[in-house]
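# Architecture at a glance
This is what each chain is made of:
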Amino acid sequence: MAGALVGGAFLSGFINVVFDRFLTMDAINLVLGKKLGSDLVQRLKTALLGAEALVADAEMKQFGNPSVRKWLDSLRDAVYCAEDLLDTVLTKAKIEGVVRGIEDLGKQKDFLGLEKIPTGSSSWRTPSSSLVKGSVYGREDDKKALIKMLNDNNDHHLFVFAIVGIGGIGKTTLAQWLYNNAELMEGFDLKAWVCVSEKFEVVETTRNVIKQIHGGTCSLDDFNSLHNALKEELSNKKFFIVLDDVWSDDGDKWSNFMTPFQQNGRKGSIVLLTTREENVASAVQNCQPYFLRKLSEDYCWSVFAENASFPQSNGRAALEEIGRKIVKKCDGLPLAAETLGRLLRTNHDVEEWNKILMSDIWEFSVEKSKIIPALLISYFHLSPYLKRCFVYCALFPKDFEFVKHELIFLWMIEDLLPSPKRGESLEEVGCECFDELTSRLFFTKSEGFDDYFVMHDLLHDLAIFLAGDFYCNSEELGKEEEIKIQTRHLFVDLSHCSSKLYNSISKVESLRTLLLFGNFSSPNCNIEGATCEILSKCKYLRVLSFRKLDEVRNLIGKLIHLRYLNLSWTDDIKTLPESLCNLCNLQILKLYQCSELTTLPSGLHNLVNLRHLDIRGTSLKEMPRKMSKLNQLHVLSSFVVGKHKDNGVQELGGMVNLHGSVEIKKLENIVDVEEAKRAKIMDKKHIDELCLKWSSGDDLVSSTQKERDILDNLQPQNGLKELKIKGYKGTIFPDWLGNCSYENMTRVSLKSCNNCCMLPSLGQLPSLKSLRIEGFDQLRSIGEEFYKNGGDHHSSHIAPFPSLETLVFHNMACWEVWHVSESERFPQLRKLEIRNCPMLKEEMLNQVFFRIVSSLSDVSKVRKLRIGDLFINRQTEAMFLNGGTLSISGCESVMESALKAMISINHLRSLQQLHIDWCPKLENMEGEKLPPSLLLLQLRWCGLLGEQCKNKHQLIWPKISNIPGCVYF
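Owing to the predicted nature of the structure, the values given are computational and were not obtained by experimental measurement.

A word on the overall build of the chain. Each helix and strand in the chain was counted, giving 32 helices and 32 strands. Of all 969 residues assigned to the chain, the portion counted as buried reaches 53%. For the chain, contacts bridging at least 24 residues in sequence account for 67% of all contacts bridging at least 6. Summing over all exposed atoms, the chain offers an accessible surface of approximately 42100 Å²; the carbon and sulfur share of this is 48%.

Structural data, given as structure tokens:
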């Protein structure tokens, strides 16, 4: 596997961290030079630099070469030891031993054949061609979808799309099928196939396209001539150009390259890219991505069987059983199934097949396995920092669902991220790294859960291979139940952990990360004693996550290197030990859902490096004093206002770096307006979600004007995206609430504002998508003030609620009147829900529903109308527009009014199905003309109307006789 490493070596990042933290001139002059002597420090620097020069070559040669792999592991262990010892500035003798070890490793380079190689472009794979090789299994749906995409864009002069997927998923194979589909290619005047690979140069790629069109010749050299020649070739022709295996996401290069293709060919011309990076598709202007998913196990089995020359029928049952287990390891990658099948093509022996089943794909030689280079090339393209972030994921079990911000926290704590640029936070750097890995498909979104991400099994296996013994999760240990002494990062699922394994953790004294998940189930283990043993011996711990604090309260404060402590879901702790405040390196403290926790340590303000404090789901009565000293806090999930001078809301004033979501509770403890001012909420430019809460209780206050002034001085910055207010005790809201300057505000929730007699002017928020209003006991009328602020001259020209999609009213005891004039409609509304508003009269509801439903901008696209929904509470008036389906439920008159609105104004030009449930008083739909597009009418429990339809009554039958399908219950 000759060539240069593209992104830089994985281990380089570790060595760079040691240099950045300890071996800069400042660090040497201040501490290390005096403690260790300048000669020893210089030897360490020289040894590390010498080793770093070799790691790029070693990283590539470790596959199939156990000696090189062992050398890399030894070097990584030495670097870990050096960092630990330097971190604690231990004795000169110990550092001397580490330096000697690194020097000895450097001397082994000739024996191992290691040399310094450059980083840069590399391509050691066979380039693709347009010829289809073998059968294409399991892609019928993809073929249909792609052909539909092409047909749907046939009227465009140029349609650019990209097949995007992980290495080995079958992108090139599918592109080859399209390229060689005679029926699809009919009508194209010319086509060309170019394998671009890692090196994308505009001039060279343009020349290659011309060569393909000409059949292999192009004598032009300068860019201008090439551009004009390609433009001439494509002029007035319908073309199909494939650019296979594209890596570059340089938008400027793509803009230059695509110029001859734009507005030049005939309608229906196509440029198709295949790439394993979503960013590539984004870099090409107007490029539509098509994401290729994994193959099913059955289709993977077909690929495997064909390449193993195994008969799909009448094959040996024992071999098929083993073969299907091998296919399961492929996790939907056809290239992996092909690779493993070919390895067994000439050997149909049960023992050999079992060897392949039990072996690790990453232990095969590159020459024998196509899947290794297919996936490795994605890894080698990563920067050293991204490689480290990826390999860190070996710590977690297979199929683990990653939460983005949680993983970023761990990357931060382990020094895996590059240094932030000026004005950038480390969290933002982590976000960029995660997004980069996601774009390159190292992570994909978990199906059905947008907040969770998963990693492909073979990529996870690669991470485990590269991690070696340094990262360990208990799932991978199997029956060995032995943690290697080199292990630095450990994940243990306690629900499947034996007492032997748990007791052995304390032997790994250099452990940095200990993540204990689940509840311990082994009956024969002294969990308290074993945990104490672990925490007393593992003195280098930086990351600790567990749920058994009471047994080790006295030991927590001694873990001086601890940067991350997660006690979430520990439901039996009421207080935290004061010794916790000795952890001066602590950056992240997670106490999520510690439901019994009522008090934080009084010395919490001493944790000056704290960046994240998560106290959601706790029962804190108030914040500890002097919280304003924590000026490095990046995320503070909530702040419970105290009654004392130094734990009041004004303590927030010193927290200038707060980001994300903040909840401020017990606002009734604010004594005067000046305290609210000193909280400096307006100055917190990075908060995008704000929740303001007053405790429930007596709504009688001494001055409603003071309440309004306090809320006025808690005004957030204009970039806020979400605002929640609960329990506000004023009678009216301050003017800032609803001001059109809040252009990013998408969600607003107002609850239990029992003294309020009018709503704020929210109609002028241009981006507002969701609005929930609940528990306004004094509110009687919603009128003009809801839509426009009369005192805001900027709002007069803005149509109210231009973006609102969800509008919910709950528990409005006195609400009687809702004015919805002709001009005040909700054109983007998708959900309207009115529940438990007993004073709102039916006539008012009918009028509201008629006007809102008839003015929906997408109503003409409705294909299915459901009046009355069996799954919605009959006491709830509701409207849901979901794609082509509109559902309306509530009292019968509301449903009848909505039906009239939908039908009488002739908006339903695409309606195909009409379902009416629970309308027993609806008689003959007098005056309504059902649209001619209607194919199905279904009536259930509709009393007289149902009977009239069944009996073909003269008043109703002429209106429904032409409908192909009529069903009555």
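What follows picks up the thread again.
Right, let's talk about the side chain of Arg76 for a bit. You can see Arg76 is positioned in helix α4 (residues 66-88). As a buried residue without a salt bridge, Arg76 has its nearest oppositely charged side chain in Asp73, at a separation of 4.1 Å. Only 2.6 Å separates the side chain of Arg76 from the backbone oxygen of Leu466, close enough to count as a polar contact. Beyond its immediate sequence surroundings of up to four residues, Arg76 is in contact with Phe10, Leu11, Leu466, Ala467, Phe470 and Tyr471.

Counting residues in each nonpolar core, the largest one holds 143 residues, and the members touching the most others are Phe809 and Trp818. It is helix α29 (residues 842-854) that contributes the most residues to this core, 6 residues altogether. Both of domain 5 (469-537) and domain 6 (865-968) provide at least three residues apiece to this core. For Trp818, the contacting residues outside a window of four places in its chain are Ile782, Tyr787, Leu807, Phe809, Phe826, Leu832, Ile834, Leu840, Met844, Val848 and Ile852.

It is worth spelling out the pattern of salt bridges at this point. Under the criterion given, the structure shown has 39 salt bridges. Across the salt bridge formed by Arg512 and Glu83, the nearest N and O atoms sit 3.0 Å from each other. Of this pair, Arg512 sits in the loop between α24 (499-504) and β11 (513-517) while Glu83 is found in helix α4, placing the two residues 429 residues apart along the sequence. With relative accessibility at 2%, the residue Arg512 sits in the buried group. A relative accessible area of 4% means that Glu83 is categorised as buried. In this structure, Lys325 engages Glu321 in a salt bridge whose closest nitrogen and oxygen atoms are separated by 3.9 Å. Of the two residues, Lys325 and Glu321 are both situated in helix α15 (residues 317-330); the distance of 4 residues between them amounts to about one turn of the helix. On the basis of relative accessible area, Lys325 is assigned to the partly exposed category, the value being 45%. Taken together, the salt bridges that share partners define one network made up of Glu83, Asp84, Asp415, Arg512, Arg542 and Arg563.

Its 13 residues place the ends of helix α7 (residues 140-152) 18 Å apart at the C-alpha level, agreeing with the 18 Å of an ideal helix rising 1.5 Å per residue. Among all positions in α7, only Asp142, Lys143, Leu146, Met149 and Leu150 are buried. All buried residues of α7 project into a common sector of 125° when viewed along the axis, lining one side. α7 presents Asp141, Lys144 and Lys148 as exposed residues on the side facing more than 90 degrees away from its buried surface. Buried residues along α7 sit against β1 (158-164), α8 (171-179), α9 (182-185), β4 (269-275) and β5 (287-291).

Right, let's get into the sheet that holds strand β9 (residues 471-473). Overall, parallel pairing links the 8 strands, which are arranged β9-β10-β11-β12-β13-β14-β15-β16 in an open sheet. Each edge of the open sheet carries a strand with a single partner, namely β9 and β16 (635-636). One ladder, built from 3 bridges, connects strand β13 (residues 564-566) with strand β14 (residues 588-590); its direction is parallel. Considered in β14, the bridge of Leu565 is made with Leu589.

The next thing to look at is the pairing of strand β27 (residues 864-867). The side chains of a regular strand alternate between both faces of the sheet. Across 4 bridges, β27 lies against strand β29 (residues 885-889) in parallel orientation. Bridging across to β29, Lys864 finds its partner in Thr885. Here 4 bridges tie β27 to strand β30 (residues 913-917), and the two strands are oriented parallel to one another. Within the sheet, the bridge partner assigned to Lys864 lies in β30 and is Gln913.

We now examine α15. Between its first and last C-alpha, α15 extends 20 Å over 14 residues, near the 20 Å set by a 1.5 Å rise per residue. Among all positions in α15, only Leu319, Ile322, Gly323, Ile326, Val327 and Cys330 are buried. Buried residues of α15 fall within an arc of 145° about the axis and therefore sit on the same side. The exposed residues of α15 that point more than 90 degrees off its buried face are Ala317 and Lys328. Considering only its buried residues, α15 is in contact with α14 (297-307), α16 (334-343), α17 (350-358) and α22 (457-467). At the C-terminal side of α15, Asp331 shows a positive phi close to 50°.

Scoring rules and cut-offs
Residues numbered from 1 in each chain as written. Predicted model: local features only at pLDDT ≥ 70, side-chain atom pairs only at ≥ 80, totals over all residues. Heavy atoms only, no water. Helix = DSSP H or I, 4+ residues; strand = E, 2+ residues; numbered from the N terminus. Buried < 20%, exposed > 50% of the residue type's maximum accessible area, 1.4 Å probe, protein only. Contact = heavy atoms within 4.5 Å. Areas by Shrake-Rupley, 256 points an atom, 1.4 Å probe, with all protein chains shown as cover. Lys, Arg positive; Asp, Glu negative; His and termini not counted. Salt bridge = Lys/Arg side-chain N within 4 Å of Asp/Glu carboxyl O. Polar contact = N/O pair within 3.5 Å; in protein donor to acceptor, adjacent residues only side chain to side chain. Core = buried A, V, L, I, M, F, W, Y, C linked by side-chain atoms within 4.5 Å. Domains from an automatic or database assignment. Expected span 1.5 Å × (residues − 1). Arc of directions from axis to C-beta. Pairing = 2+ DSSP bridges.

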